[in-house]
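Each chain, letter by letter, is given below.
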Amino acid sequence: MVDVSIISIEEFKEKIYNDYEKLFPEEEQRDWEIIEENYNKGIEQFYKIALDNKIIGFLMLEKIKEEYPYYLDYFAIYKEYQNKGYGFKSIDTLINKVIKENDLIGEIEKENENELNTIRRMKFYDRLGFKKINSEYLLFNVLYTPIIKTNKKEVNKEKLDKIFFEYYKINSGNYNFEENCKLLK
């Protein structure tokens, strides 16, 4: 059975941070100082994904304000454990045991017929009940589609765009945010 459990920043740094640096392109990574600052402010949370007590992936989750949705910032299942259902079980566990009644937002690279992984990723989140928000973000020169898992019948796009950009500003600093984060539609 897959276990998703919260860990400290020390455990994250010791057991997972090197994998984070290997798995995500440098331009998508956040400075350690910002990660640490957000953790100390109670914004950032780290979760290990384990199978039989062996770490097979991780999640980085954020929440700026109580009334805001959780933000799934980073999620990874290590290569040798991919395509076995562990990712689905991990996000499902996160939604049902950690987040519970709260909304969860994230973004994925915009679907592109020439990039099969972008289509697979959207199908993955669609199976988990996520819906696309009718927006498009250009973040550090990559097009993203925001997604949400919610029980609400209606989603206020403008409000969610504002919330997403608050998360981006906190995670990238004012200068990087102004230079590299744009709402396209």
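Residues numbered from 1 in each chain as written. Predicted model: local features only at pLDDT ≥ 70, side-chain atom pairs only at ≥ 80, totals over all residues. Heavy atoms only, no water.

*Asks:* What is the right way to look at the overall build of the protein chain in this model?
*Replies:* From N to C terminus, the protein chain includes six helices and nine strands. Taking 16 Å as the expected radius of gyration for a compact globule of 185 residues, we find that the protein chain reaches 16 Å, a close match to that expectation. In terms of overall dimensions, the protein chain has C-alpha extents of about 45 × 35 × 35 Å along its principal axes. Out of the 185 residues belonging to the protein chain, those deemed buried represent 46%. Summed over its atoms, the accessible surface of the protein chain is roughly 10,800 Å², and 45% of this surface lies on carbon and sulfur atoms. Across the protein chain, 30 positive and 36 negative side-chain charges occur, with their mean positions spaced 6 Å apart. (Helix = DSSP H or I, 4+ residues; strand = E, 2+ residues; numbered from the N terminus. Rg over C-alpha atoms; globule rule 2.2 N^0.38 Å. Buried < 20%, exposed > 50% of the residue type's maximum accessible area, 1.4 Å probe, protein only. Areas by Shrake-Rupley, 256 points an atom, 1.4 Å probe, with all protein chains shown as cover. Lys, Arg positive; Asp, Glu negative; His and termini not counted. Charge placed at Lys NZ, Arg CZ, Asp CG, Glu CD.)

*Asks:* Could you clarify how one ought to interpret the nonpolar core in this entry?
*Replies:* General note: in soluble globular proteins, nonpolar side chains tend to be found buried as a group. Membership of the largest hydrophobic core comes to 41 residues, with the highest contact counts inside it found for Phe12 and Phe58. Broken down by element, the residue count for this core peaks at six residues, all from strand 4 (residues 70-77). Residues in contact with Phe58, not counting those within four places in the same chain, are Phe12, Ile16, Tyr20, Leu23, Phe24, Tyr47, Lys48, Ile49, Tyr74, Phe75, Ala76 and Tyr78. Judged by nonpolar contacts, the second largest core, of 16 residues, contains Tyr68, Ile148, Ile163 and Phe165. (Core = buried A, V, L, I, M, F, W, Y, C linked by side-chain atoms within 4.5 Å. Contact = heavy atoms within 4.5 Å.)

*Asks:* Would you mind going over the packing of aromatic side chains with me for this structure?
*Replies:* Two descriptors summarise a pair of aromatic rings, namely the distance from one centre to the other and the angle between the planes of the rings. On inspection of all chains with the given rule, the structure shows 28 aromatic pairs. For Lys63, the ring lying beneath its charged end belongs to Tyr70, and the centroid distance is 4.6 Å. (Phe/Tyr/Trp six-rings, centres within 6.5 Å; stacked < 30°, edge-to-face > 60°. Lys NZ or Arg CZ within 6 Å of the ring centre and 35° of its normal.)

*Asks:* Looking at this structure, how should I read a negative patch on the surface?
*Replies:* The grouping of Glu10, Asp31, Glu33 and Glu36 at the surface amounts to a negative patch. You can see Glu36 is positioned in helix 3 (residues 32-40). The partly exposed category is assigned to Glu36, whose relative accessible area is 35%. (Patch = residues over 30% accessible without salt bridge, like charges linked within 9 Å, V, L, I, M, F, W, Y side chains within 5 Å. Salt bridge = Lys/Arg side-chain N within 4 Å of Asp/Glu carboxyl O.)

*Asks:* Please explain the side chain of Asp103 as it appears in this structure.
*Replies:* Take Asp103: it is sitting in the loop between helix 4 (86-99) and strand 5 (104-109). A distance of 2.7 Å separates a polar atom in the side chain of Asp103 from a polar atom in the side chain of Thr150. Of note is the side chain of Asp103, whose polar atom sits 2.7 Å from the side chain of Lys152. If we ignore the near neighbours within four places in the chain, the residues touching Asp103 are Pro69, Tyr70, Ile148, Lys149, Thr150, Asn151 and Lys152. (Polar contact = N/O pair within 3.5 Å; in protein donor to acceptor, adjacent residues only side chain to side chain.)

*Asks:* Sorry if this is basic, but what is going on with the environment of Phe130 here?
*Replies:* On the secondary structure map, Phe130 appears in the loop between helix 5 (116-127) and strand 6 (131-132). You can call Phe130 buried: its relative accessible area is 2%. Linking Phe130 and Lys79, residues 51 residues apart in sequence, is a C-alpha distance of 23 Å. In this structure, Phe130 is in contact with Ile91, Ile95, Leu104, Tyr125, Ile147, Ile148 and Lys149, ignoring residues within four places of it in sequence.

*Asks:* What should I look at first to understand unusual backbone geometry in this one?
*Replies:* Note: most peptide bonds trans; most residues except glycine with negative phi. Even without glycine at this site, Asn53 takes up a positive phi of about 65 degrees. Structurally, Asn53 can be placed in the loop between strand 2 (44-51) and strand 3 (54-62). What makes Asn53 exposed here is its relative accessible area of 82%.

*Asks:* I'm lost on the environment of Ser90 in this one. Help?
*Replies:* Looking at where Ser90 falls in the secondary structure, it is placed in helix 4. Judged by its relative accessible area of 0%, Ser90 falls in the buried class. On a C-alpha basis, the gap between Ser90 and Ala50 in space is 9.2 Å, while along the polypeptide they are 40 residues apart. Residues in contact with Ser90, not counting those within four places in the same chain, are Val2, Val4, Ile49, Phe75 and Ile77.

*Asks:* Help me understand the confidence of the model for the protein chain, please; the structure alone is not making it clear to me.
*Replies:* Parts of the model with low pLDDT should not have their predicted coordinates read in detail. Looking at the protein chain, the pLDDT average stands at 92 and 99% of residues meet or exceed 70. Of all the helices and strands in the protein chain, helix 6 (residues 157-180) carries the lowest mean pLDDT, 85, while helix 1 (residues 9-15) carries the highest, 97. (pLDDT = per-residue confidence, 0-100.)

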